[in-house]
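Here is what each chain is made of, one letter per residue.
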Amino acid sequence: MVEGQIIEIVSDLHLVSFSGEKYPCKCRGIFRKKNIIPLVGDYCLFNPEKHIIEKILPRKNELHRPRVSNIDQGIIVTSLINPDFSINLLDRFLIILEIHRIKPIICITKTDLLEKEELLQLKKKISYYEKLGYPVLANNQIKEIKNLLTNQTTVFTGQTGAGKSTLLNKIDQKLELKVGEVSEALGRGRHTTRVVSLYETCNGKVLDTPGFSALDFEKYSKEQIKNAFIEFKHYHCYYKDCSHTNEQECLVKKAVKDKKILKERYDNYLKFIKR
Ligand SMILES: Nc1nc2c(ncn2[C@@H]2O[C@H](COP(=O)(O)OP(=O)(O)OP(=O)(O)O)[C@@H](O)[C@H]2O)c(=O)[nH]1
Ligand SMILES: [Mg+2]
Ligand SMILES: [Zn+2]
């Protein structure tokens, strides 16, 4: 038995990478009985002759949407138009990565499709995230993005049609990933990427994932969500466990009023904790 990594899953076929080769494998029957569901990114013990995965090794972390494991950082591919920029969606991606302790990086796309004025306005909004400490890059800063990938496992996530696969192709032409059409009446992509795939490039690993346009928070606690809004930590409210909602002397609410915290982001917080 040898140790490999699952790099793609299509129904019950698990593509395992080991020593530069790829092995399509099935799982032992016991997996189903024990409800063990392998993820792309999982390290496993497998039999390369029989093409059977015997054991999934413990995970460093896992994400549910996209379903991946053992991730160091996430590039949130965020288009400014077509599909339109959504601060709600950006915050959803950020909060989920924060909760799972995956380092977020924001990469904006389609800046070329905007008028100067519109671009400036959106950039101003996004600069708030830069001030919080998140790296913000555009998809033409390939050299900078490549540098971030070294020695890291990076999941590319973001709305369908945002340009995840396009960006990965720019990073490494050899990937030859399929990309969607631009000229669509709705201005939305059509889920061009269908499955999660892990690739080795730039001395690191990258995962291309299918985009989606909805993400929910049902399984996260209000506490988890609150802690994932990293700027709230700078405010020490009267109540140590202040929820920053109905409390009278809440410093977070005051910071929103004083425009130190972006109002739209605080409003997203209220939406995300609503049950
Ligand atoms: N003008 C412009 N078009 C872009 C840019 N980035 C991506 N596109 C186009 O947007 C369309 C969708 O890109 P994809 O790379 O397939 O998007 P995706 O995020 O991988 O989408 P899914 O696989 O469906 O999740 C393609 O037609 C790209 O050519 C950009 O910066 N500018
Ligand atoms: Mg894609
Ligand atoms: Zn408070």
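Described in the following lines is the structure provided in the data block. The structure presented is a predicted model; accordingly, all values stated were derived computationally and were not measured.

## Some words on the overall build of the protein
Scanning the protein from N- to C-terminus turns up eight helices and 13 strands. By the compact-globule yardstick of 19 Å for 275 residues, the protein fits well, its C-alpha radius of gyration being 20 Å. The principal-axis extent of the C-alpha atoms belonging to the protein is close to 65 × 45 × 35 Å. Burial statistics for the protein: of 275 residues in total, 32% are counted as buried.

## Quick notes on helix H5 (residues 164–171)
Inspection of H5 places Lys-164, Ser-165, Leu-167, Leu-168 and Ile-171 among the buried residues, and these make up the whole buried set. For H5, the arc enclosing every buried residue in end-on projection is 160°, short of the 170-degree limit, so these residues lie on one face.

## Concerning the environment of Ile-95
Following the sequence through the fold, Ile-95 ends up in helix H2 (residues 87–99). You can call Ile-95 buried: it has 24 C-beta atoms within 10 Å. Put simply, Ile-95 and Phe-272 are 177 residues apart on the chain and 9.5 Å apart in space, counted from C-alpha to C-alpha. Not counting residues within four places of it along the chain, the set of residues in contact with Ile-95 comprises Ile-225, Ala-228 and Phe-272.

## Thoughts on the site of ligand 1
Neighbouring ligand 1 are 24 residues, the closest being Gly-163, Ser-165, Thr-166, Thr-193 and Gly-211. Among the elements that take part in the shell around ligand 1, H5 stands out by supplying three residues, more than any other. A breakdown of the residues in the shell around ligand 1 according to their chemical character gives six nonpolar, 14 polar and four charged.

## With respect to unusual backbone geometry
Residues Arg-65 and Pro-66 are joined by a peptide bond in cis, for which omega reads -5°. In this structure, Pro-66 sits in the loop between strand S6 (62–63) and strand S7 (68–69). If you check the backbone angles, Ser-19 has positive phi at about 50° while not being a glycine. Mapped onto the fold, Ser-19 is located in the loop between strand S2 (13–18) and strand S3 (21–27).

The rules behind these values
- Numbers given to residues run from 1 along each chain, matching the order in which its sequence is written.
- Labels follow written order: the first chain is A, the first ligand is 1, and so on.
- Two thresholds apply to this predicted model, a pLDDT of at least 70 for residue-level local features and 80 or more for giving and counting side-chain atom pairs, whereas whole-chain, interface and lining totals are computed over all residues.
- Numbering of helices and strands runs from the N terminus, with a helix taken as a DSSP run of H or I at least four residues long and a strand as a DSSP run of E at least two residues long.
- Throughout, radius of gyration means the C-alpha value; the globule benchmark is 2.2 Å times the number of residues raised to the power 0.38.
- Partly exposed residues are those falling between the two cut-offs: more than 12 but fewer than 20 other C-beta atoms within 10 Å of their own, whereas 20 or more means buried and 12 or fewer means exposed, with C-beta atoms placed from the backbone.
- The arc in question is the one spanned by the directions pointing from the helix axis to the C-beta atoms.
- Two residues form a contact once the distance between their C-beta atoms, set from the backbone, is within 7 Å.
- We call a residue near a molecule or strand if the C-beta atom, set from the backbone, is within 6 Å of it.
- Three classes are used, and their members are as follows: Ala, Val, Leu, Ile, Met, Phe, Trp, Tyr, Cys and Pro are nonpolar, Asp, Glu, Lys and Arg are charged, and the others, Gly among them, are polar.

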